[in-house]
Amino acid sequence: MKMKGFAMLGIGKTGWIEKDVPACGPLDAIVKPLAVSPCTSDIHTVWEGAIGERTDMILGHEAVGEIVEVGKLVKDLKVGDRVIVPAITPDWGSLEAQAGYSMHSGGMLAGWKFSNFKDGVFGEYFHVNEADANLAILPDSLDPAAAVMLSDMVPTGFHGVELADVQFGDSVCVIGIGPVGLMSVAGAALRGASHLYAVGSRPNCVQAAKEYGATDVINYKDGDIVEQIMEKTRGKGVDRVIVAGGDNDTFIQAVQMVKPGGVIGNVNYLGSGDYVRIPRVEWGCGMGHKTIAGGLMPGGRRRMEKLASLMETGRLDTSKLLTHRFQGFEHLEEALLLMKDKPRDLIKPVVVM
Ligand code: NDP
Ligand code: ZN
């Protein structure tokens, strides 16, 4: 049987293609999307060639869907179940997963399969490996459009908070308040940050950052963000920095603004250049106890269920991210191009089928 999908045809080229509906292995599921969202990473992939050449690969890794087929060894899921699909779908039996780093199962970053090593979720159907371990049931009370933010934006933004190890009363700076950084702001607030500085410029993002708990907003277009942070903290700097935007040079600023003993958590995707530079003196000549951690979001059903429970209990409202809603599969291209062009009023587009 054939299906349609919106694909990367090659670096810099996209279009609709036809492919066979994927086959279902014994542990797997075939899912049809109910709601999907394009990601900034799709833009890096197609227009910056960040993961190298890909030909006729269906894009997308953020979806909520309905199961249409399950393999014979799948225990907890059945046809008709509505599920949250994490962007990262590890092989749970791998040694990397056993070591606690499932996102690197099979090799560095290899838990990221959709729109990387296999077709993504912008098709009429898509394949999910190890369905019992990778899919979470969508709670009835959640709107599928808002729940799509559980695929990548919430787990990635929150992972920045985990990497930076935010503790009660910490002062935190979140650099970048696109949808990922906004979820870092929300996560840092839930984890008990005190002063919460959010760096960005788009008015909608700034407004949302305040609603998610930012105490101060810093516009990087108004001058050096390190100077602005130092002014606000009387020269002390912050306990934690979460990097969810900017470029390779943003690390220099993150190291400069974090206190000795502080931690920098990066979830930003560095798509260009050979090196990330660390300023020697501000890094304490190598002795400053300024930790830099960077990671791909963890996937997995357990984590998804827990994150979904934050939405169910009303502690997290992702609907503020959804600035552009489309109805119908045919709007995928339009939604993706919005993510590429980043109009000033955009936070995140969502396409509901
Ligand atoms: P956006 O492009 O929407 O947001 C980027 C943010 O960074 C904006 O707030 C932007 O400000 C700000 N910014 C841009 N330049 C600078 C600068 N020089 N200094 C400070 N801030 C700056 O991206 P997303 O939120 O969608 O994604 C963020 C990153 O996370 C991307 O690189 C994406 O690929 C990556 N990612 C990583 C994942 C992971 O698992 N680790 C998963 C998903 C995404 P402005 O308001 O002016 O636009
Ligand atoms: Zn993504």
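Presented here is an overview of the structure given in this document. Chains are numbered independently. Their residues run from 1 in the order of the written sequence. Chain letters and ligand numbers both follow the written order, the letters beginning at A and the numbers at 1. For a predicted model such as this one, the threshold for reporting local features is a pLDDT of at least 70, and the threshold for listing and counting side-chain atom pairs is 80 or more; totals across whole chains, interfaces and linings nevertheless cover every residue. Only heavy atoms go into the side-chain values, all of them from the structure, while hydrogens and water stay out.

### Thoughts on the pattern of salt bridges
What makes a salt bridge here is a side-chain nitrogen of Lys or Arg within 4 Å of a carboxyl oxygen of Asp or Glu, nothing more. Going through the model one piece at a time under the given rule, you end up with 15 salt bridges. Residue arginine 240 pairs with aspartate 170 through a salt bridge whose shortest N-O separation is 2.9 Å. Taken as a pair, arginine 240 in strand E12 (residues 238–243) and aspartate 170 in the loop between helix H5 (153–164) and strand E9 (172–175) lie far apart in primary sequence, 70 residues in all. Take arginine 240 and aspartate 170: they sit in the same class, and that class is buried. Through salt bridges with shared partners, a single ionic network connects Asp76, Arg301 and Glu305. Helix and strand assignments come from DSSP, with helices taken as H or I runs of at least 4 residues and strands as E runs of at least 2, each series counted from the N terminus. The cut-offs for exposure are 20% and 50% of the maximum accessible area for each residue type, with area from a 1.4 Å probe on protein chains only; residues under the lower value are buried, those over the upper are exposed, and the others partly exposed.

### Quick word on the sheet that holds strand E2 (residues 13–20)
A pair of strands is considered paired only if DSSP assigns at least 2 bridges between the two. Ordered in space as E2-E1-E4, the three strands form an open sheet in which the pairing is antiparallel. What marks the edges here is a single partner per strand, and that holds for E2 and strand E4 (57–58). Inspection of the sheet shows strand E1 (residues 2–10) paired to E2 by eight bridges, in the antiparallel sense. Following the sheet pairing, glycine 5 is matched in E2 by isoleucine 17. We call two residues in contact when some of their heavy atoms are within 4.5 Å. Convention adopted: a line fitted to C-alpha atoms gives each axis, helices being fitted over their contacting stretch, and angles between N-to-C directions are expressed from 0 to 180 degrees. Set on the sheet, helix H1 (residues 40–47) makes contact with E1, E2 and E4; between it and E2 the angle comes to about 100 degrees. Running at roughly 140 degrees to E2, helix H11 (residues 332–341) makes contact with E1 and E2 of the sheet.

### Things to note about H1
In terms of burial, H1 is largely enclosed, as six of its eight residues are buried. For H1, the set of buried residues is Ser41, Asp42, Ile43, His44, Thr45 and Val46. If you follow the buried residues of H1, they end up packed against E1, E2, E4 and H11. Following H1 by one or two positions, glycine 49 adopts a phi angle in the positive range, close to 60 degrees.

### A short note on the site of ligand 1
A cutoff of 4 Å decides nearness: a residue is near a molecule or strand if any of its heavy atoms lies inside that distance of it. Every one of the 27 residues lining ligand 1 counts as a neighbour, but Thr40, Ser201, Tyr220, Asn268 and Lys342 are closest to it. Under the rule applied, a polar contact is a pair of N or O atoms within 3.5 Å (in protein, one hydrogen donor and one hydrogen acceptor; residues adjacent in sequence only if both atoms are side-chain atoms). Proline 179 is positioned with one of its backbone polar atoms (N or O) 3.3 Å from an oxygen atom of ligand 1. Within the backbone of valine 180, a nitrogen or oxygen atom sits 3.0 Å from an oxygen atom of ligand 1. All accessible areas in this document rest on Shrake-Rupley with a 1.4 Å probe, and a residue is counted as covered only by the protein chains that are shown. Contact with the protein chains covers 86% of the free accessible surface of ligand 1, which is 950 Å². Of all the secondary structure elements, the ones that give two or more residues to the shell around ligand 1 are H1 and helix H6 (179–190). Here the shell around ligand 1 takes three residues from H1, the largest share from any one element. Residue type decides the class: Asp, Glu, Lys and Arg count as charged, Ala, Val, Leu, Ile, Met, Phe, Trp, Tyr, Cys and Pro as nonpolar, and the leftover types, Gly among them, as polar. Of the residues belonging to the shell around ligand 1, the class tally is 12 nonpolar, 12 polar and three charged.

Honestly, it's all geometry; don't read function into it.
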